[in-house]
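Coordinate analysis (summary)
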Amino acid sequence: MRGVLVIAGKDLRNLFLSPLFYGIAGLCTIAWTLVYFLGLQDFAQASAMSMMQGGQDGGANIHFVVFARHISLVNLVMIFSVSAMSMRLFTEEKRNQTMSLLLTSPVTATEITLGKLLAGLAAAWALVAISFLYPLSLRAFASFDWGPLISSYMGLLLITGCYVAIGMFASSLTESTVLSVVMALIFNVMLWFVGAVAEAQPEPPWNKIFEHLNVGTHFVNFIKGSVSVAGLTFFASVIVLMTFLTQRVVESNRWR
Amino acid sequence: MDMIEVSGLFKSYGPIQAIHDINFKVKKGEVVGFLGPNGAGKSTTMKIITGSMAPSGGSVRVAGFDVFEDPIEVKKRIGYLPENPPVYGDMSVESYLKFVAKLKGVEASRVKAQVEKSIEKTDLGSVRRRLIQNLSKGYRQRVGIAQALVSDPEVLILDEPTSGLDPRQVAEVRALIKELKGEHTIILSTHILPEVQAMCERIIIINRGHIVAQDSLEGLSTRMAGATQVKIKVARPSGEVEKSLQAIPGVSALVKSEHGYAMAIASGGAADGATDGVVERIAEAAVQSRAGLLELRRESADLEEIFLKLTTSEETQTTGGAV
């Protein structure tokens, strides 16, 4: 456990002292601000419309018009920015030749992997926390239901956790940062394409199987405000599987 | 007590055998030089001892712990400087050493003191707040040594600690390693013979994955002096030549080849003059027996050959600056 914290601490410190994190965070906020603003405008328009019609339809739902849109954009941006941040986790160690330092220190491959995962999660979740400031700031002007917002953010934390684990696995495979980013992107996008396969497989039992493998269904459920065991299990399994595979790759460094 | 015990170590990369049946022991407090040309298998052996690489066969014990069964216990006791110092360019010297100390399991209360100690020993005080990427190669190498020292390990494994340094820095590093003698058990690798002479008590010579000799410094020099080979080529080999050659005192192990003879001269001592005398008599005998001497070649034995190779590379390094 000591090793996990030492490695995670070093990685986080180096990330937060490097311009990379701030560059990515800056670019993310530009995209988020633009779209969030548009969402608010749409919401204002829809609300005005509903008022004119006498408000019988209950008015526009801020969660779906503003927050859901914001959250899907955050998710899209995270696919790219997490891939860019997690590429450093192992490729950097290999390029610096510091992997030998980690491998000759009294820490296990599991500790190294968990330390890296923790650092990656902290960095990615720092970005998610920044994106949470948008709905939070709205609290000053409007009252809304916390429930679906919190469940959406739970989903967002879990799905970025998957991107981190996938990116970490990709970076453990290669010494090239470019290749690592490309692999991470392809793996992340593949996660989403399972949904397309699910739609192309109408007959049971395949449609059921692919439905459970579809990251889209699980994520949308979280956005809708439903936290299901199936969803939690799915995201946890992806993170655990990728961490396990990375641990095997790290361990195999000894055998090559 | 044996601090390091290596027995029957093998390592192959696919069809290439990097090291072959390596056996040696290092006593506590000893400084052992691992000598061999580039590609001899020095780094591979060191990587296996530090537990960062698994061998294809054989075993290594450090302080009584098996590297493969108790890797954590072994790694706690080893400070390792790989060929390239494992440093993070975007960290300052001080924060890097703190990180390594914590990683190596130094207690939180002792981290600061240990970092200070290793900075002092490696004379890095003037650059402690600089980023490592802005340091020269010599300083980086010193940071690498400081990193190996920071956990105050019982065993130090240094892979070519002086490579890439200028002569003054080389002298400094050698002095530092001498200072560390006694406190730590040290294995260092090099392809430079004088380096071993300057720092080590015992030498292990490795070539093409085999240990070709291991002895103390004095033991090796006497053995080296005792083996010179002479090869002659004659136009008309005959029994008469063979007999007269064999009759020369000092000539042993006469072997007949297609156009001549190969023989060893065992002078038994370091006196070069004696060997010269024997060589002279060989030439006389060949001429007097009218065998038609075409060629006389004096060759050093294998061990010396290796040494010669090594000493030549030292010369090119000091004169030409090439490593």
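Residues numbered from 1 in each chain as written. Chains lettered and ligands numbered in written order. Predicted model: local features only at pLDDT ≥ 70, side-chain atom pairs only at ≥ 80, totals over all residues.

With that settled, consider the overall build of chain A. Looking only at helices and strands, chain A features 11 helices and zero strands. When the helices and strands of chain A are listed from N to C terminus, the series reads α-α-α-α-α-α-α-α-α-α-α. Dimensions along the principal axes, computed over C-alpha positions, put chain A at roughly 70 × 50 × 30 Å. The long-range share in chain A, meaning contacts at least 24 apart out of those at least 6 apart in sequence, stands at 78%. (Helix = DSSP H or I, 4+ residues; strand = E, 2+ residues; numbered from the N terminus. Contact = placed C-beta atoms within 7 Å.)

What follows concerns the sheet that holds strand β8 (residues 185-190) of chain B. All names here are of chain B. On the basis of which strands lie adjacent, the open sheet formed by six strands has the order β6-β7-β8-β3-β9-β10 and mixed pairing. Each of the sheet's edge strands pairs with one partner strand only, and the pair in question is β6 (78-81) and β10 (210-216). Each adjacent strand pair in this sheet contributes to an overall mean axis angle of 15 degrees, direction not counted. In the sheet, strand β3 (residues 31-35) pairs with β8 via five bridges, with the strands oriented parallel. Bridge pairing in β8 places Gly33 opposite Leu188. Lying over the sheet, helix α5 (residues 137-149) contacts β6 and β7 (155-159), oriented at roughly 165 degrees with respect to β6. (Pairing = 2+ DSSP bridges. Axes fitted to C-alpha atoms, helices over the stretch in contact; angles between N-to-C directions.)

Attention now goes to the interface of chain B and chain A. Listed per partner, the contact involves 23 residues of chain B and 18 residues of chain A. At the level of secondary structure, the elements contributing two or more residues to the side of chain B that touches chain A comprise α2 (71-76), β6 and α3 (93-103) of chain B. Classifying every residue of the side of chain B that touches chain A gives 12 nonpolar, six polar and five charged. (Nonpolar A, V, L, I, M, F, W, Y, C, P; charged D, E, K, R; others polar.)

Per the domain assignment, the segments making up chain B are domain 1 (2-222) and domain 2 (228-300). In this structure, domain 1 of chain B and domain 2 of chain B have C-alpha centres spaced 45 Å apart. (Domains from an automatic or database assignment.)

Our next topic: unusual backbone geometry. What is expected of a backbone is that most residues other than glycine have negative phi and most peptide bonds are trans. All names here are of chain B. Although it is not a glycine, Ala63 adopts a positive phi angle of roughly 50 degrees. The residue Ala63 is located in the loop between β4 (57-62) and β5 (65-66) in this model. Taking the number of C-beta atoms within 10 Å as the measure of exposure, Ala63 has 19 and is therefore partly exposed. Residues other than glycine seldom take positive phi values, yet Asp123 does so here, at roughly 60 degrees. (Buried ≥ 20, exposed ≤ 12 C-beta atoms within 10 Å, placed from the backbone.)

The next thing to look at is the packing of helix α2 (residues 19-52) of chain A against helix α3 (residues 62-86) of chain A. Relative orientation and spacing of two packed helices are given, respectively, by the angle between their axes and the distance between those axes. Residues and elements named next belong to chain A. Where α2 contacts α3, the axes come no closer than 9 Å and their chain directions differ by 165 degrees. Taken as axis vectors, α2 and α3 run roughly antiparallel relative to one another. The handedness of the crossing between α2 and α3 comes out as right-handed. The residues of α3 that touch α2, namely those facing Ile24, Cys28, Ala31, Trp32, Val35, Tyr36, Gly39, Leu40, Asp42, Phe43 and Ala46, are Ile62, Val65, Val66, Arg69, His70, Leu73, Val74, Val77, Ser81, Ala84 and Met85. Here the contact of α2 with α3 is built from residues that sort into 17 nonpolar, three polar and two charged. (Parallel < 35°, antiparallel > 145°, perpendicular 65-115°, else oblique. Left-handed = near helix turned anticlockwise from the far one by under 90°.)

Membership of the largest hydrophobic core comes to 126 residues, with the highest contact counts inside it found for Ala124 and Ala165 of chain A together with Tyr96 of chain B. For this core, the leading source of residues is helix α7 (residues 146-173) of chain A, giving 13 residues. Setting aside residues no more than four positions away along its own chain, Tyr96 of chain B makes contact with Val87, Tyr88, Met91, Ile132 and Val143 of chain B. By size, the runner-up hydrophobic cluster in this structure holds 15 residues, among which are Leu245, Tyr261, Ala291 and Leu293 of chain B. (Core = buried A, V, L, I, M, F, W, Y, C linked by C-beta atoms within 7 Å.)

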